[in-house]
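Analysis of the macromolecular model
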Amino acid sequence: ANNGNSSACMFAQHSWPFLRHPIFVLNSQYDSWQIKQMLGFTSLGYAEKINDYGDRLSKEIINSVTGSHHQEGQYGNLIHGAFIDSC
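Predicted model only: the values in this text are computed from it and were never measured.

1. Concerning the overall build of the chain
For the chain, the count of helices and strands is three helices and two strands. Along the chain, from the amino end to the carboxyl end, the secondary structure elements read α-β-α-α-β. The buried share among the 87 residues of the chain stands at 24%. Sequence-distant contacts, at least 24 apart, represent 61% of the contacts inside the chain between residues at least 6 apart.

2. Describing helix α2 (residues 32-39)
Two or three places before Trp33, at the start of α2, stands the capping residue Asp31, its side-chain oxygen 2.9 Å from that residue's backbone nitrogen. After α2 finishes, the residue Gly40 shows a positive phi value of roughly 80 degrees.

3. Things to note about a nonpolar patch on the surface
On the surface, a cluster of nonpolar side chains totalling about 370 Å² of accessible area is made up of Phe24, Leu26 and Phe83. You can see Leu26 is positioned in strand β1 (residues 24-28).

4. Quick notes on the packing of α2 against helix α3 (residues 47-66)
The N-to-C vectors of α2 and α3 enclose an angle of 100 degrees; their axes lie 11 Å apart at closest approach. Put simply, α2 runs roughly perpendicular to α3. Counted together, Gln34, Ile35, Met38 and Leu39 of α2 and Lys49, Ile50, Tyr53 and Leu57 of α3 form the full contact between these two elements. By residue class, the composition of the contact of α2 with α3 is six nonpolar, one polar and one charged.

Definitions and limits used
- Residues numbered from 1 in each chain as written.
- Predicted model: local features only at pLDDT ≥ 70, side-chain atom pairs only at ≥ 80, totals over all residues.
- Heavy atoms only, no water.
- Helix = DSSP H or I, 4+ residues; strand = E, 2+ residues; numbered from the N terminus.
- Buried < 20%, exposed > 50% of the residue type's maximum accessible area, 1.4 Å probe, protein only.
- Contact = heavy atoms within 4.5 Å.
- Polar contact = N/O pair within 3.5 Å; in protein donor to acceptor, adjacent residues only side chain to side chain.
- Patch = residues over 30% accessible without salt bridge, like charges linked within 9 Å, V, L, I, M, F, W, Y side chains within 5 Å.
- Areas by Shrake-Rupley, 256 points an atom, 1.4 Å probe, with all protein chains shown as cover.
- Salt bridge = Lys/Arg side-chain N within 4 Å of Asp/Glu carboxyl O.
- Axes fitted to C-alpha atoms, helices over the stretch in contact; angles between N-to-C directions.
- Parallel < 35°, antiparallel > 145°, perpendicular 65-115°, else oblique.
- Nonpolar A, V, L, I, M, F, W, Y, C, P; charged D, E, K, R; others polar.

Everything listed is a geometric property; what it means functionally is a separate question.
Okay, here's the thing in structure tokens:
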């Protein structure tokens, strides 16, 4: 799914186009583990960068759910949904 990198298949952005069943995404927009691991921040002194990350993550999820990453008609008309918690 990702140029021969099979470990990438565990990440939704790479596996989404191949899903055959409706999916409901439940994800936090601001997750302390993600902020530390993905951005390398250990304090909240980076609020603007953290907010930018949360906005980009939300847009990526919305794009996936609305079909920009899913090939239309590949597996029929699937209806996906999402809940993104920002607390």
